Amino acid sequence: MWRVRQAAVACEVCQSLVKHSSGTKGSLPLQKLHLVSRSIYHTHHPTLKLQRPQLRMSLQQFSSLTSLPLRKLKLSPVKYGYQPHRNFWPARLAARLLKLRYLILGSAVGGGYTAKKTFDQWKDMIPDLSDYKWIVPDIVWEIDEYIDLEKIRKALPNSEDLAKLAPDFDKIAESLSLLKDFFTTGSPGETAFRATDPGSESDKRYRKVSDKEKIDQLQEELLHTQLKYQRILERLEKENKELRKLVLQKDDKGIHHRKLKKSLIDMYSEVLDVLSDYDASYNTQDHLPRVVVVGDQSAGKTSVLEMIAQARIFPRGSGEMMTRSPVKVTLSEGPHHVALFKDSSREFDLTKEEDLAALRHEIELRMRKNVKEGCTVSPETISLNVKGPGLQRMVLVDLPGVINTVTSGMAPDTKETIFSISKAYMQNPNAIILCIQDGSVDAERSIVTDLVSQMDPHGRRTIFVLTKVDLAEKNVTSPSRIQQIIEGKLFPMKALGYFAVVTGKGNSSESIEAIRDYEEEFFQNSKLLKTSMLKAHQVTTRNLSLAVSDCFWKMVRESVEQQADSFKATRFNLETEWKNNYPRLRELDRNELFEKAKNEILDEVISLSQVTPKHWEEILQQSLWERVSTHVIENIYLPAAQTMNSGTFNTTVDIKLKQWTDKQLPNKAVEVAWETLQEEFSRFMTEPKGKEHDDIFDKLKEAVKEESIKRHKWNDFAEDSLRVIQHNALEDRSISDKQQWDAAIYFMEEALQARLKDTENAIENMVGPDWKKRWLYWKNRTQEQCVHNETKNELEKMLKCNEEHPAYLASDEITTVRKNLESRGVEVDPSLIKDTWHQVYRRHFLKTALNHCNLCRRGFYYYQRHFVDSELECNDVVLFWRIQRMLAITANTLRQQLTNTEVRRLEKNVKEVLEDFAEDSEKKVKLLTGKRVQLAEDLKKVREIQEKLDAFIEALHQEK
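Residues numbered from 1 in each chain as written. Predicted model: local features only at pLDDT ≥ 70, side-chain atom pairs only at ≥ 80, totals over all residues. Heavy atoms only, no water.

When its secondary structure is counted, the protein chain shows 35 helices and 9 strands. For the protein chain, buried positions account for 42% of its 960 residues. Intrachain contacts of the protein chain at a sequence separation of at least 6 include 79% that bridge at least 24 residues. With the model as given, the accessible surface of the protein chain reaches about 54500 Å², and the carbon-plus-sulfur share is 52%. (Helix = DSSP H or I, 4+ residues; strand = E, 2+ residues; numbered from the N terminus. Buried < 20%, exposed > 50% of the residue type's maximum accessible area, 1.4 Å probe, protein only. Contact = heavy atoms within 4.5 Å. Areas by Shrake-Rupley, 256 points an atom, 1.4 Å probe, with all protein chains shown as cover.)

Here it is in C-alpha cells:
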C-alpha cells in the first residue's frame, strides 16, 4: 500500500520522463525515477520547505538594422528541498543525490553564462557599420511602412531563450560521467562519498586535466573564431568595396554624402599643400595633422605604404636609397584606382602594370630633380593623390630612411639633412608618427626609435609597426623577444599602439593581392597568435590602416578648428602691418607683381619699334665713327699724308680702304649696330617713369634685359651684304656740290680737332703742368716729367728749323738730341726720345692739316678742274668725304635691318624670357624681393589657407 501511495503522488514531470524517455519504448520502474525526481523537481511535496530566490539573467540584443527594446525573461522559480529520514543509508543517498542536483543545475547555469559571454565577445568584435548606412538603399529604411516588423519580432524567440537553449556540452559530459560513476562503480554510498570527498586524489587529478584541456580548447576555439571573423570581415569588405565602386560610378542624387566624404580628404590635402608652400620649415604656423612615416633605411616603410595604398607606386632598389625627398600621399575613395600629381592632370591607372611603371619612373625623376647639385636628399615635397574604392582616407608623408653611416657617393651632410627633415615633420605636435622597425634585424641596431623618443617622449601620437615578422619568427631563437618589441618593453620609446605586419617575401614583382594572401596565411599559422603573444587586432596591414585612419581623423577633428583660429589671428596681424606700412598700395603678391612688370617690359619693347629712322641713323653713324675714327686717321690718313705727291696719296688710300673693307669694317658695323640696339633697349628699360616708376621691378628688368641680349644673335648674312654696300660707297670720289664739299671739310676739321685735343692731353700728361697751372694751382712736375719736357723743347726746336720734317727721326738726329740734352745735364735714352717725338710730330702734323683744311674751303672750284694748274691739292678732303658717305650709307642700311628684323627678334626673345621666368618660381623669388613683396605673399597665403580651412571645417561638420 505504501508503494502504491508513493507512486500515486509522483509528479507530472516524472510521468513525462517515463513516457518520453529518449531511446526507450517501454516503461522504466517508477520507483527508480521517482527517487531521483523527488529530490530534484518535486516542488509540491509536503516535506519540501526550503525555497531558493528567483534567478534572473538577460542578454543584450544586437542588430545593425534596428534598435528594438530588449525583453527580459524570468526563469520559473525552482524550489529545492529534501526529505528527512532517520535511516542512515537513505540520508547519505539523499545527500549524494542533492549533490548531483547542484552539479546538473550548475552546469546548466554555467552553460548559459558562457553562451552569453561568447555572444557579447562576438558582438564587441563586430565593427560599427553605422558609417556605411548610405550603402543601403532608401527602400530598406522605409520597409517598416510595408511590413509589420513588430509582429515578426514578437513571433520570433527572444535572444535570451536562444542563449538559454544552447547547451554547454563540456558541462553535460562532465555531469554524465559523474552519473555513470555513481551507478556503476561500487556501492551507492561509497560512490557518493567518493564523489563528494574533497580530498580525493583521483578527483583532483581529473579536475586538473580537465581544466588544462578546457583552457587549450578555449584558446583554440578563440583563435578559430578570430580567424573566422577575419575571413568574414575580409569577404564583407571585398563585397563592400565592389559595391562602393558601383555606387561611386553612378551619377545619383542619393550619393551626395559619399561625394562629401570623397572631397573632404582632398580639401584637407589642398590645405596642406598651401601650407607647405607658405611655411617650408614647418614652424608654428603648421600644426595640422599628417601621418609621418619614419624608419631606418630598408626597414620596409615603402612596402607598408604600398600595402595601405594597395598599389606598388614607389621606386624600389636593393640596398639603395630610393626615397630622396618627402612624398606626401593623399589617400581617398574613388570609383577607379588611379594616382595623379598635384601639378599634373595625367592619371595613372594603378590596375595596369605599364602605368605603375610610368608612375614609379615619374616619382624617381621628380626626386632627382628636387635634389640640388652636391646633395643626396632634398626637403622639397612631392605631392601625390591616390584614389580607389576601399582606401582609408588619410594623408601620409614618406620620409627618407634614417641612416647611420654616409657611404661613398653620398654628400657628407646626408645624415644630418635626413635628421633635420625628419625632425621638421615630427616636431609638429599634431603629426602622427608611424615608426617602422625591421623585425628581421637586431633591435639594438635601430636609430629611428631614439629619434622618435626625442620628438614624442610620452608616445601620445606614435604608432609602432614591426615589419618582416615572418623573417623575425623564423630567425629569432627567443619568440618572447618579438613580444617584448610589440609590447614596447625592449625600446625606451612609448606608443599608442603596436602592430606586426608582413609585406611579402622580398620579391619586388609580387602583387598586392599576393602579399595580402601571404600575410593572412602566415598569421593563421603563426605561433605568435596561437600563444597569445599577438592579438588579432595587432596584425595585418589592413588593421594597421584602419587604426591609423581612425587616429588621423580623431587628431584632425581635435585640432583643425584651433588651427583655423590661429590663422585668423595671423591674418589680422598681417593686414594691420600692411595698412601701417603701405597704406596707398594694393596688396600684390609675387605673381601679380611679375605680371605687372611683364606688361611694362612688353610696352617698352614695343616703344622701341617706334624710334624714328632719323634718330637711329644719327646714333648709328656717330657710334660707328667713334669706333673706326682711330683706324681711319692712324692707319689710313696719316700714312697716306706722308707721301710726296697726290698720286701716291690716292693710291695708298685706295689700298688701305680696300683692305679695311674686306676684313674689319663690316664686322665693326654689325657690332656697332648691336651695341646701339642694346643701349636703346636699356635706355627704355631703365629710364625713370616719374611717379609711376616702381623700383621693385629694377632687378627683374635688368635680368630680362641681360638674358634677352644674351639670347639674341645678329643675322649672319648681314655682314656679306653690308660689305658690298660699303665697298661701293668708298669707291665713289665724286662730290656733286659745294654743300657736300663744305660738309666734308667740316667733318675733317672735327676729326682733326678731336685728334689734336687728344694729342695735347697726352703731351700734357707726359711733360706735366705748364707754368700757369704750377703758379695758380700749386702743382709740380716729377723728375720724369722734367726729362720729357726738356726732350720736347729740344724736338720742337728741330721742327721749327724744318717744318716739312718726315714722321720719323734719323739715328743721327736722335744722337744730336741726346748730346744736346746731356750738355744741359739731362740724361735720356733713345726710346724716350722716340716716344716724345711721336706726340710732338703728331701735334705739329695735325695743326698743319687744320691750316690746310682752312685753305681748302675755297678749293671746290679747283676740285672740279681736278686741281689742274693749281698749287692747291685737297685730296685729304676727298678722303674724308668718302668716309663720311660710307658712314651715312652704312647707318641707313643698319637702321633698315634694325627696324625690319632685329627689333622684332629682340621682342620675341623678351617674350620667351618672360615666359621662362614666369615658370621659374626661384627666379621670381630672387628677382622680386623686399619686405613689401614678402608681406603681400604671406597675406595672400594666409587668406587662402583660412578660406580652405573654413570650407574644410564646414564640410567636416556636415559629415558629422
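So, next bit.
Now for the nonpolar core. The biggest cluster of nonpolar side chains holds 102 residues, and the ones touching the most others in it are Leu608, Trp625, Tyr637, Trp660, Leu677, Trp741 and Ile883. In terms of residues, this core owes the most to one element, helix α33 (residues 875-919), which gives 17 residues. Apart from residues lying up to four places away in sequence, Trp741 is in contact with Ile735, Cys856, Arg857, Gly859, Phe860, Tyr863, Phe867, Cys874, Val877 and Val878. Within the second largest apolar cluster, 66 residues are counted, among which are Ile363, Ile382, Met555 and Leu939. (Core = buried A, V, L, I, M, F, W, Y, C linked by side-chain atoms within 4.5 Å.)

Looking now at the state of the cysteines. Under the definition given, this model contains 1 disulfide. Note on cysteine connectivity: Cys856 is disulfide-linked to Cys874, with sulfurs 2.0 Å apart. Here Cys856 and Cys874 share a disulfide; its torsion about the S-S bond, -100°, makes the bridge left-handed. Of this pair, Cys856 sits in the loop between α31 (830-855) and α32 (860-864) while Cys874 is found in the loop between α32 and α33, placing the two residues 18 residues apart along the sequence. (Disulfide = S-S within 2.5 Å.)

Another aspect to go through is the pattern of salt bridges. For the structure on display, the rule yields 40 salt bridges. Measuring nitrogen to oxygen at the nearest pair gives 2.5 Å for the salt bridge that ties Lys658 to Asp662. Taken together, the residues Lys658 and Asp662, both in helix α23 (residues 646-663) and 4 residues apart, mark about one turn of the helix. Taking relative accessible area as the criterion, Lys658 reaches 37% and is therefore assigned partly exposed. Since its relative accessible area comes to 33%, Asp662 is described here as partly exposed. Glu790 is paired through a salt bridge with Arg824; the nearest N and O atoms lie 3.6 Å apart. With Glu790 in helix α29 (residues 783-801) and Arg824 in the loop between α30 (811-823) and α31, this residue pair connects regions lying 34 residues apart in the sequence. A network of salt bridges, in which partner residues are shared, links Arg571, Glu575, Glu587 and Arg943. (Salt bridge = Lys/Arg side-chain N within 4 Å of Asp/Glu carboxyl O.)

Turning our attention to the packing of aromatic side chains. Within a pair of aromatic rings, the relevant descriptors are the distance that separates the centres and the angle that separates the planes. Under the criterion given, the structure shown has 17 aromatic pairs. Judged by centre distance (6.5 Å) and plane angle (25°), the rings of Tyr841 and Phe845 are stacked. Remark: Phe845 and Tyr841 occur in helix α31; sequence separation between them is 4 residues, near one turn of the helix. A single burial state applies to Tyr841 and to Phe845, both of which are buried. Taken together, the ring pairs connect Trp625, Tyr637, Phe747, Trp837, Tyr841, Phe845 and Phe880 into an aromatic cluster. Its guanidinium or amino end placed over the ring of Phe341, Arg366 lies 4.0 Å from that ring's centre, counting from NZ or CZ. For Lys924, the ring lying beneath its charged end belongs to Phe594, and the centroid distance is 5.7 Å. (Phe/Tyr/Trp six-rings, centres within 6.5 Å; stacked < 30°, edge-to-face > 60°. Lys NZ or Arg CZ within 6 Å of the ring centre and 35° of its normal.)

Look at α23 against helix α26 (residues 718-731): their axes get within 9 Å of each other, and the N-to-C directions meet at 165°. The orientation of α23 with respect to α26, classified from their angle, is roughly antiparallel. In this structure, the crossing between α23 and α26 has a hand that is right-handed. Mapping the contact onto sequence places Leu657, Lys658, Thr661 and Asp662 in α23 and Arg723, Gln726, His727 and Leu730 in α26. (Axes fitted to C-alpha atoms, helices over the stretch in contact; angles between N-to-C directions. Parallel < 35°, antiparallel > 145°, perpendicular 65-115°, else oblique. Left-handed = near helix turned anticlockwise from the far one by under 90°.)

Moving on to the sheet that holds strand β4 (residues 348-349). The strand order across the open sheet formed by 9 strands is β4-β3-β5-β2-β6-β1-β7-β8-β9, and the pairing between neighbours is mixed. Of all strands in the sheet, those with a lone pairing partner are β4 and β9 (497-500), marking the two edges. Sheet topology note: the strand β2 (residues 327-332)/strand β6 (residues 394-398) ladder contains 5 bridges and is antiparallel. Across the sheet, residue Leu331 finds its bridge partner in β6, namely Met394. (Pairing = 2+ DSSP bridges.)

Mapped onto the elements, Gln538 comes out in the loop between α19 (527-530) and α20 (541-581). On the accessibility criterion, Gln538 (13% relative accessible area) is buried. Among the polar contacts made by the side chain of Gln538, one reaches the main-chain carbonyl oxygen of Tyr498 at a distance of 3.3 Å. (Polar contact = N/O pair within 3.5 Å; in protein donor to acceptor, adjacent residues only side chain to side chain.)

Our next topic: the pairing of β6. A large share of β6 lies buried, amounting to 5 of its 5 residues. Alternating positions in β6 separate into two faces, Met394, Leu396 and Asp398 on one and Val395 and Val397 on the other, with burial throughout. Sheet topology note: the strand β1 (residues 291-295)/β6 ladder contains 3 bridges and is parallel. From the neighbouring strand, Val293 faces β6, where its bridge partner is Asp398.

Attention shifts here to the pairing of strand β5 (residues 382-387). Where burial is concerned, most of β5 is hidden: 6 out of the 6 residues are buried. Of the two faces of β5, the one holding Ile382, Leu384 and Val386 and the one holding Ser383, Asn385 and Lys387 are both buried throughout. As defined by bridge partners, β2 adjoins β5 across 6 bridges and the pair is classed as parallel. Within β5, the residue paired with Leu331 across the bridge is Val386.

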